[in-house]
Structures are given as structure tokens and as C-alpha cells.
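Survey of secondary and tertiary structure
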Amino acid sequence: MLVGFPTCSSEPFERVGIRSSVPLDRGRFGHDRGDRCRFWPYCKRAAFPRIMAALLMALVFAVSGCVTLPGIHTGITWGECPESMAAEIARQTPGLAGRVQLSCGGLEVPLDHARPDGERIALSIVRARLAGQSQRIGSLIYNPGGPGASGLDYLPATLAMLPEIVLQRFDVVSMDPRGTGGSAPFNCPKAPQVPPGEVAPDVLTDAGLAAAAQLDRQYAEGCLRVLGDRAPFFSTEATAQDLDLLRAAVGDEKLTYLGMSYGAKLGAEYALSLIHI
């Protein structure tokens, strides 16, 4: 099952050739040094009706079969997570303090999924398992959106959002998408800013939408210059394929997925390219 809650769009990036989880300069556990949504003042305004609509009706897809890419060995090397992660979970959700078993690890995936025997990159993975689980179903894989938000950073907030009945049935698993956090990260140039004293573009008007798209286009072009010939490998499509390798690595036959904002787009890409219905 895939559930997505769409809010902001990455369409301006795609107009210049990026279908991407665009990385942001983020710290761990609440110390956010990047925009959660590009040019948030106007994006938030435009997204609000869609957020409310998504709360009323989720986009749900029943998964009857998945594809694991051939010739790729999958496996996660699990270890300990930073103590600050458990502390932040306890701060946000005191009822879970001491009750969640955390594991952090790495998953190697191809840089280019079309060349599974070529260069590989390591993705940072986190798993949270409620102590005393009963009637476990599998893993709920979560993407917080962005594009480029860190699954590890957002784990405490994700656990705070989910009902305990979900935690009793599922491990919660997430990753830093490729190009972000601990997963082969790179930094794009600083996003263009609205000049001091000027009002952010109002995307509910044609002129404002065009101005906002131009700012996004400038940012995306800066990312392209940083990535060079590696740009095609940092895309929504590549991240969806990483998602399927993560599903296989945690031992699930089918994907159970929750995506917020851009994460809904990632789930849709997975459904289009990797599910046989």
C-alpha cells in the first residue's frame, strides 16, 4: 500500500531537466539550515488547500506485485544510532521514551541503476521498532518530502505523528535520499532570495507563478552545474528504485509506504515504474 499527501510541487526543477530529490543543507534533529519547501512563504500559501484536501482523502494504491532489479545484492549493515535521536524521540513523544529500538545502517545501491555492476553509493537508513510488537506485518517506509528532506532527521516527528497501533504492526524505516544527508550528499548553491523589501511572488497569479518558476529554475540550474554529468543519477526515478531496494533489504515482499508532500510524488513514481498491477 502506498499513501501520499501532496503539498508542494517540484515542477520548476523538472522544466530544466531535474526530476530530483533536491538536497538541502540540513542539520540533525530540528536544526534545519535549508528551506523545507522552496520559497516557503508563497509555497505554503499555495499548498494549504491541497494539504487540507489530502487530510480528507489520501491517495491510496493497492500493491499486488513489485520488481526487484536483477543482479543486485541487497542488505543493510545495522548498527547503533546517535544518542541524540532517542533523546529527540523522547522529547517529542514522551510516551515512547525507552520503548523504541533504534537501528541505523547503510545500504549500497548503484549510482546508475541501468549499470548495477558499476559505481555504488551508500544510503543512510534508520529503523525504529516498538518494543513488544504484536502481529507484526512488516516495515512502513516513510519519506518526509522536501524534496531533499532527511528521513533520519524527520524520524522523531514521524513517530510522533503515527498512532501506536501502527507502531505495533510495523517497523518504521526511512532513508536519506541519494544526494542528501548521509547518502552521497552534495550541496547546491544557495537558493535565490527575494530582494529585501520586496514581497515574495504570489503563485496564485500568473505573473507571480512565472516569477516563482524563474527563481526555482535559477536554483535548479545551479544544482546542475554542481552535479555535472552525474545529474541524471540524482532523480526521482533513481530514488524510487532505491526505495524498491530498501523494501527488499528489509525483507518485505511488498512495499508499505507513506509519503508526505514531495514524498507523494516519489510514491507515484514508484507506482508507475515498479509495480505490476
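Residues numbered from 1 in each chain as written. Predicted model: local features only at pLDDT ≥ 70, side-chain atom pairs only at ≥ 80, totals over all residues. Heavy atoms only, no water.

**As for the environment of Tyr270**
- Here Tyr270 lies in helix α8 (residues 262-274).
- A relative accessible area of 0% places Tyr270 in the buried class.
- As a C-alpha pair, Tyr270 and Glu237 span 33 residues in sequence and 7.6 Å in three-dimensional space. (Helix = DSSP H or I, 4+ residues; strand = E, 2+ residues; numbered from the N terminus. Buried < 20%, exposed > 50% of the residue type's maximum accessible area, 1.4 Å probe, protein only.)

**What about the pattern of salt bridges?**
- Counting across every chain of the model gives eight salt bridges.
- The partner of Glu108 in a salt bridge is Arg120, with the nearest N and O atoms 3.5 Å apart. On the criterion of sequence distance, the pair formed by Glu108 in strand β4 (residues 100-110) and Arg120 in strand β5 (residues 120-130) is long-range, its members being 12 residues apart.
- Using a relative accessible area of 47% as the deciding quantity, one classes Glu108 as partly exposed. (Salt bridge = Lys/Arg side-chain N within 4 Å of Asp/Glu carboxyl O.)

**Thoughts on unusual backbone geometry**
- A cis amide bond, omega 0°, links Gly146 with the succeeding residue Pro147.
- Turning to its location among the elements, Pro147 is positioned in the loop between β6 (138-143) and α4 (155-161).
- Of note, Gln135 is a non-glycine position whose phi angle comes to about 55°, a positive value.
- Structurally, the position occupied by Gln135 is in the loop between β5 and β6.
- Note on Gln135: relative accessible area 61%, which makes it exposed.
- Positive phi is not limited to glycine here, since Ser261 has a value of about 55°.

**As for the packing of helix α7 (residues 236-249) against α8**
- Relative to each other, α7 and α8 sit at 75°, their axes nearing to 9 Å. On the basis of their axis angle, the class for α7 and α8 is roughly perpendicular. Residue-level inspection shows Thr236, Glu237, Thr239, Ala240, Gln241, Leu243, Asp244 and Arg247 of α7 in contact with α8, the latter providing Tyr262, Lys265, Leu266, Glu269, Tyr270 and Leu274.
- Partitioning the contact of α7 with α8 into residue classes produces six nonpolar, three polar and five charged. (Axes fitted to C-alpha atoms, helices over the stretch in contact; angles between N-to-C directions. Parallel < 35°, antiparallel > 145°, perpendicular 65-115°, else oblique. Contact = heavy atoms within 4.5 Å. Nonpolar A, V, L, I, M, F, W, Y, C, P; charged D, E, K, R; others polar.)

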